[in-house]
Every structure is written in structure tokens, then in C-alpha cells.
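The chain contents come next:
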Amino acid sequence: MFHSLAAYSVGALLYCPAGLHDSIVTTLLHNAIPAPFSLAFCLEDTVNDAHLAEAENALLRTLEQIQRLHAEHSFYLPQIFVRIRSPLHLRRMAARLSGVSQVLTGFILPKFYTDNSRAYLAAVEDLSQSSEFLYMPIFESHAMAAPAGRLEQLARLKEELAPFSTRILNLRVGGNDLSHVFGLRRGVCDTIYDLQPVARILLDVVSTFAADYVISGPVWEYYAGPGWDTGLERELHLDALNGFIGKTVIHPNQIPIVNRALQVTARDYADARSILSWDLDNAPLVARSVDAARMNEFKTHANWASKILALAQIYGVRPEDAAPVRRTAAVKPAVSRRAAP
């Protein structure tokens, strides 16, 4: 298992409707959002069909402003993505936004599944001849709801994605879209894993793809009111236990909580370093942990250790007894947004 630092660095991905955030340029210029984070401009579900052209025009103006200002001023520039609507829309928007490629990292491919995967990947192949864009497919199609054949379809998608793996930065899952199929919505005291029909789908995605791709966790809807932060912390903990790394977010309040969850503990960091510095010429490949509290075994913990060190490099190390991060605190970015895939 090897995942690039760029794949881990997407982290907290903040969604904005493409046509409704005129203030985002000023917000970025003044570093008003806690960093690190990534940014997604949505042209799909959040935009009324009748206002799509208006949203596209606004998006182009916004990205042109960001590119111009970043050439003149020093501020944190997140990885920026555009969520398009279809393979044809991807081709059109990639051509239209080619002039802002200095600040545009790539595109999010919604409803990615067997009915459209080949069209999406044909577009990715063609665009890769002339651009350096990266892509993040989202597994959220309503066709995934039926359990019959789902694992076979996911296996087919894995084969189709393999030739494009260097262009696939993350895989993502759409918890709300999949919940919608079943008429479900989790409360502030619930997690996505309490919605068993949805959880089964998400875990099938992890089982199929996690050995080869970083898979980001589903959006958490709550950002204010009683219990919203503890609910997010609880779901992030279960995300990590089940193989998800990163989170889609919809409000800056959520970003520091996601970033703290992505930090690694001092204990895990020490063990990961110990495991990956093992003398493989020695006969025993098992030993007690650095704090003599658990077992470390090279053959079964090496993949875990590689992930821990990557997360530590990007998000840092926290002591076991660290207090929760304040939601207004800014965190200095640890890696460049242009880390090589």
C-alpha cells in the first residue's frame, strides 16, 4: 500500500455553491478560514438548472480573481476543485477553465458508477493529453442501493480506474445522496454508521478500493447548535476506524475538528517510526511498542505505519492528552497544495 502525500493532503474539503460565494476571494485573501483545507466549487446539486450558466460565469470570475491576487499577495491557497455535472460538462468546463489552471487543481466527478464511468474516464484520458488536472470520483449513485451485484460492479470500476490511478487524487462517497435513496437522515447524535443500509454501501467501497486509493468520509451536515461538534468528532473517529481519511465539510467551523482528527497521536507516531525502521535482517519481526503497552508486528502493521507517518507529515502530531482544538484557531499548512501525485 502506498498513498501519495497529495492524496492525504485533501483533508477537509469545504463545499461552496459556485454562484453564491462572491465573498470567497476576500475570505481567502485575508486567511479567514482555518487552514489547512481544500475548496470545492459546486456546479451540480447546489445550483438550480435554470441558473447554471450564471453560476459558471461567476465561477470563472472568482477563479480569475484568485489567480491574479495570488500572484500579487501571499495567502494560503487551498487545493481547488470544481464539481461538474456529467462527462460532457467536464469536457466543457475543463476547456473553459484552462486559463486558471495555476489555481485549479482539478474536478470532482459526481454520481460516478458503471453507467457513466467509461464516459468520465474517456474525458479524463483526453484532457490529460493537455492538462495536469486531478480528479475525484464520488460514489453516490442511486444505482448502488441494491445489494445484488454491487461488489461485482465496484470490482469492475476498480479495473477501469487502474490505468488512470495517477490522475485519481481521492475517491469520495456521498452519504447524503445515498441516504436520500432510503429516505434517511442522521441526527446530530447519530453517525453515518448507524444508518445500516448506507453504511453497508460505504464499507463495500472501502473494501474494494482502500488498498489502492485514499477514500474520504461523507459530509457532516451540522455546524452549529447543541452537540454538533461532539457528533462530528464521533463520526470522524468511526471514519478512521473504518478506513476513511478526510471529510467533506460545509462550514469553516468544521475544519479545525477535521484537522485535529487527522493529526496522529504521539504514541502512534512513535510506533510507526519504529515499525518502518525495523531491521529486516533480524529474525524476529515482532516487538513490544515504544511505550511497552501493545504489540508491533512489521508484517501486519507496516501499511498502518506508512499512513500514520504521512498524516503526521501533513497534519502534525498531538500528545495523547491534548485538549480539543479551538474552532477559531488557525493551523499553519504543512504541505504545498502542489505536492506531486
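Residues numbered from 1 in each chain as written. Predicted model: local features only at pLDDT ≥ 70, side-chain atom pairs only at ≥ 80, totals over all residues. Heavy atoms only, no water.

1. What to know about unusual backbone geometry
Thinking step 1. Here the bond from A35 into P36 is cis, since omega is 0°, no more than 30 degrees from zero.
Thinking step 2. Along the chain, the position of P36 falls in the loop between α2 (24–29) and β2 (38–42).
Thinking step 3. Here K111, not a glycine, exhibits a phi torsion of approximately 55°, which is positive.
Thinking step 4. Relative to the helices and strands, K111 is located in the loop between β4 (106–109) and α5 (117–127).
Thinking step 5. Here K111 falls in the partly exposed class, since its relative accessible area comes to 21%. (Helix = DSSP H or I, 4+ residues; strand = E, 2+ residues; numbered from the N terminus. Buried < 20%, exposed > 50% of the residue type's maximum accessible area, 1.4 Å probe, protein only.)

2. Focus: the pairing of β2
Thinking step 1. For β2, the tally of buried residues reaches five of five residues, placing the bulk of the element in the interior.
Thinking step 2. Across five bridges, strand β1 (residues 12–17) lies against β2 in parallel orientation. Note that in β2 the partner of C16 across the bridge is F41.
Thinking step 3. Relative to strand β3 (residues 80–83), β2 runs parallel, the two sharing four bridges. Following the sheet pairing, F41 is matched in β3 by V82.
Thinking step 4. Where the polypeptide runs from β2 across helix α3 (residues 52–72) and back to β3, its parallel neighbour, the crossover connection is right-handed. (Pairing = 2+ DSSP bridges. Right-handed = clockwise from strand over helix to strand, strands pointing away.)

3. Here we look at a nonpolar patch on the surface
Thinking step 1. Together, V181, F182 and L184 give the surface a local cluster of nonpolar side chains, amounting to about 200 Å² of exposed area.
Thinking step 2. Along the chain, F182 turns up in the loop between α7 (175–181) and α8 (196–209). (Patch = residues over 30% accessible without salt bridge, like charges linked within 9 Å, V, L, I, M, F, W, Y side chains within 5 Å. Areas by Shrake-Rupley, 256 points an atom, 1.4 Å probe, with all protein chains shown as cover. Salt bridge = Lys/Arg side-chain N within 4 Å of Asp/Glu carboxyl O.)

4. What to know about the pattern of salt bridges
Thinking step 1. Across all of its chains, the model carries 24 salt bridges by this definition.
Thinking step 2. The network of salt bridges with common partners includes E44, D45, R83, K111, E140 and D177.

5. Observations regarding the confidence of the model for the protein
Thinking step 1. Of the residues in the protein, 92% have a pLDDT of 70 or more, and the chain-wide mean is 92.
Thinking step 2. The low-confidence segment residues 323–341, where pLDDT is below 50, has 48 contacts with residues more than four positions distant or belonging to other chains. (pLDDT = per-residue confidence, 0-100. Contact = heavy atoms within 4.5 Å.)

6. Points about helix α12 (residues 298–315)
Thinking step 1. Under the 1.5 Å per step criterion, the end-to-end length of α12 is 24 Å for 18 residues, consistent within 8% with the ideal 26 Å.
Thinking step 2. The largest bend in α12 amounts to roughly 30° and is located at W304.
Thinking step 3. All of the buried residues along α12 are A302, A305, I308, A310, L311, A312, I314 and Y315. (Expected span 1.5 Å × (residues − 1). Bend = angle between axes of the 7 residues up to and from the residue.)

7. Description of the nonpolar core
Thinking step 1. Membership of the largest hydrophobic core comes to 105 residues, with the highest contact counts inside it found for L90, L97, F107, F139 and F209.
Thinking step 2. Apart from residues no more than four positions distant in its own chain, F209 is found in contact with F139, L154, L157, K158, L161, L171 and I215. (Core = buried A, V, L, I, M, F, W, Y, C linked by side-chain atoms within 4.5 Å.)

8. Focus: the sheet that holds β3
Thinking step 1. With respect to topology, eight strands assemble into an open sheet ordered β7-β6-β5-β4-β3-β2-β1-β8, the strand pairing being parallel. Two strands close off the open sheet at either side, each with one partner strand: β7 (215–216) and β8 (247–249).
Thinking step 2. Sitting on the sheet, helix α10 (residues 255–262) is in contact with β1 and β8, with an inclination near 155° to β1. (Axes fitted to C-alpha atoms, helices over the stretch in contact; angles between N-to-C directions.)

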